[in-house]
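Below are the chains, spelled out letter by letter.
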Amino acid sequence: MQAERIEVDLSLISALAGNIEFTETKIVRPRFVIDEPIKSLSQIGEALAKSDGRIGDVVREARAAVEADPAKPDMSTVSSQPFGRVRLEDAMVTFKRPINGAEEQISSISGVFDWPQTSGVASFRGTAIWHGEETEIDSSATRALLLLAGGTSPLQVNLSSTPLTLSFNGSANISRDQFFEGTLSLTSPSLRRTLEWSRMASVPNAPIGSFALDASVSGSANRMKLDGLTATLNDNPAKGGIEVVLNEGAPSITGTLAFETLDLHSVFSGFMPLPGGSTSSDSVISTDFLKQLTLDLRLSTQKATLGPVNLSKVAATAQIRNGRAIFDIGEASAFDGSVAASFQLADEGDGVTLGELRLNGTDVNSTSIASLVGLGSRFELGKGTMSLVLKGPISRWSSALANAKGTLSMRFGSGQIRSLDFNSLLGKAKSDRFFSLNEKTDAWLAFDRLEIKANIMDGVAALDTAQMQTKSGMLNFAGIVTLIGKSLALTGDFAAPVAAPAPAEGAAADAPKPEPAFSHTRFFIGGSWDNPFISPIISQ
């Protein structure tokens, strides 16, 4: 320590009696430098026990009492010495983090450490600046001497700053087997901002949002367990339990949370750089968080939203480990049916990031899905199944589809397409005309079955199978659909069965029956999928 000035107040009465007793020590602009990381707070007690003077004497006496009976040390044999008050003005502490050895600094420390007698309560109240934020601290240890000697003492800590307000009330032990337990309460206007401020992790730009927590807490310097937890994340209340482990390198968070309602995008955009909010779709996707945090969070909620999609009875997980992030909805009710979805980001090294999306739906309603992909409300009814798989390198959300490869399959039962006069369409498709499918009409096309299978590559879906079964025939499509520009380049063929001619008079009963005959109407579909145009194919 170096200090600009030290002022000491002495007790005149004690001095007249032949004793030296400090009542207050003021240290002006001291600079404390801790050269080596303090891996355990027990080092403080050990250092005091080796020191000279009255404090060293009482710490050694207290340590002997703790060693004699760790569960219930007899402190009646330990002498009580006056300590007084230490006032700090504009102090600075430079130290090294125990996890990675990085140098840290706490500046502008002004406060009072008050310990009248070593047998009594010790407290510190003051302010400091850490990582650019002013922080108020109010703490006290009821049996401070016992705490320094390796025993257990009641402890209260209150911390208040812009990124975080924290309160702990319980007991602690700073021996080699250090532990703490009690109740913890904290609030944060932005959990992302709090993690960055504490330098625990660097997370994507999308905000996690406000956070509040109350729980029973227990743990040690490297592990903390929160039981009976009640929390609010982005105004979404939850209950459950969480465990945080501070391993060398990245912190590890595991837990289970049950919500009543949950905005999945706002929560998981804090752990994955999802588009929306403050993250632009054209921004480069940062994967630094894959190396800075290990996460295994299991969620359940009665109601949830994911963008424009409403879900219920959701069971989901968010995992980050080994350079891979996985957001998985194992089961949920949506689109009047059930869905399962999974999204992954993986760091393959050399600046290559791979993305993968899987979506499966069972007994889902085509009406909701058609509206979601921009087809409006023309598609009604039709329950069925769907499956989508997309994989590919990903650097920006805006170019994700352009680089993706995968498959799409959809199979729906009976339904209808509103505002479509199919008989008029067939009539116009036989003549040399060009017309829009968005023409207003009260007619509608009913179908019994709709099946689509497509291969996706470079943002283009090539139809492998596309069939619509109606009462009057089968409608087949072939061609491509672009997923980014919504452009269409399709040929359509409507095959209507033709009644077989009656058998000739005198024909043998066992004569072979003629093959079923069909009349074909072929046409071209262009434009976009939300504004398609039809033109006839005159030549066969």
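These numbers were taken from a predicted model, which means no experiment stands behind them.

A. Region of the structure containing the environment of Asn158. Looking at the element boundaries, Asn158 is found in strand β8 (residues 152–160). Note on Asn158: relative accessible area 32%, which makes it partly exposed. Taking the C-alpha atoms as reference, Asn158 lies 9.3 Å from Ser140; in sequence the two are 18 residues apart. In contact with Asn158, not counting residues within four places along its chain, are Glu136, Ile137, Asp138, Leu166 and Ser167. Here the side chain of Asn158 touches Ser167 through a polar contact of 2.9 Å, side chain to side chain.

B. Layout of the pattern of salt bridges. Taken as a whole and assessed by the stated rule, the structure comprises 20 salt bridges. For the salt bridge of Glu133 with Arg193, the shortest nitrogen-to-oxygen distance reads 3.0 Å. Of the two residues, Glu133 is situated in strand β7 (residues 133–141) and Arg193 in helix α5 (residues 191–198); the sequence distance between them amounts to 60 residues. When its relative accessible area of 29% is taken as the criterion, Arg193 is described as partly exposed. Residues Glu451 and Arg411 are paired through a salt bridge, measuring 2.8 Å at the closest nitrogen-oxygen approach. Placement of the pair is Glu451 in strand β26 (residues 449–457) and Arg411 in strand β22 (residues 405–412), with a sequence separation of 40 residues. Given the relative accessible area of 42%, Arg411 is considered partly exposed. It is possible to trace a salt-bridge network through shared partners that takes in Arg5, Glu7, Lys26 and Glu89.

C. Just unusual backbone geometry, in detail. One non-glycine residue, Arg29, adopts positive backbone phi at about 50 degrees. Within the secondary structure, Arg29 sits in the loop between β2 (22–28) and β3 (31–33). Among the residues examined, Arg29 registers a relative accessible area of 38% and is labelled partly exposed. Of note, the phi angle at Phe335 is positive, near 55 degrees, even though the residue is not glycine. Assignment of secondary structure puts Phe335 in the loop between β17 (324–334) and β18 (337–349). Its relative accessible area of 17% is what places Phe335 among the buried residues.

D. View of the pairing of strand β9 (residues 165–173). Pairing analysis gives 9 bridges linking β8 to β9, with the strands arranged antiparallel. Looking at the pairing, Gln156 lines up with Asn169 of β9. For β9 and strand β10 (residues 179–188), the ladder comprises 9 bridges, and the chain directions are antiparallel. When the bridges of β10 are listed, Thr165 appears paired with Thr187.

E. A nonpolar patch on the surface, seen in detail. A surface patch of nonpolar side chains, about 600 Å² in accessible area, is lined by Met1, Ile6, Val8, Leu10, Ile20 and Phe22. It is strand β1 (residues 5–10) that provides the largest number of residues to the nonpolar patch, a total of 3 residues. Relative to the assigned elements, Leu10 resides in strand β1.

F. Layout of the packing of helix α2 (residues 42–49) against helix α3 (residues 54–68). The interhelical angle for the contact between α2 and α3, taken along N-to-C directions, is 120 degrees, at an axis separation of 7 Å. Where α2 abuts α3, its residues Gly45, Glu46, Leu48 and Ala49 lie against Ile55, Gly56, Val59, Arg60 and Arg63.

G. Examining the packing of aromatic side chains more closely. Within this structure, the stated rule accounts for 5 aromatic pairs. Taken together, a centroid distance of 5.3 Å and an interplanar angle of 45 degrees make the contact between Phe83 and Trp115 tilted. With Phe83 in strand β4 (residues 82–96) and Trp115 in strand β5 (residues 103–117), this pair connects stretches of sequence that are 32 residues apart. For the ring pair Phe168 and Phe180, a centre distance of 6.1 Å and an interplane angle of 85 degrees mean the geometry is edge-to-face. Remark: Phe180 occurs in strand β10 and Phe168 occurs in strand β9; sequence separation between them is 12 residues. Since its relative accessible area comes to 22%, Phe180 is described here as partly exposed.

Thresholds applied
- Residues numbered from 1 in each chain as written.
- Predicted model: local features only at pLDDT ≥ 70, side-chain atom pairs only at ≥ 80, totals over all residues.
- Heavy atoms only, no water.
- Helix = DSSP H or I, 4+ residues; strand = E, 2+ residues; numbered from the N terminus.
- Buried < 20%, exposed > 50% of the residue type's maximum accessible area, 1.4 Å probe, protein only.
- Contact = heavy atoms within 4.5 Å.
- Polar contact = N/O pair within 3.5 Å; in protein donor to acceptor, adjacent residues only side chain to side chain.
- Salt bridge = Lys/Arg side-chain N within 4 Å of Asp/Glu carboxyl O.
- Pairing = 2+ DSSP bridges.
- Patch = residues over 30% accessible without salt bridge, like charges linked within 9 Å, V, L, I, M, F, W, Y side chains within 5 Å.
- Areas by Shrake-Rupley, 256 points an atom, 1.4 Å probe, with all protein chains shown as cover.
- Axes fitted to C-alpha atoms, helices over the stretch in contact; angles between N-to-C directions.
- Phe/Tyr/Trp six-rings, centres within 6.5 Å; stacked < 30°, edge-to-face > 60°.

Spatial relationships are all this shows, so hold off on functional conclusions.
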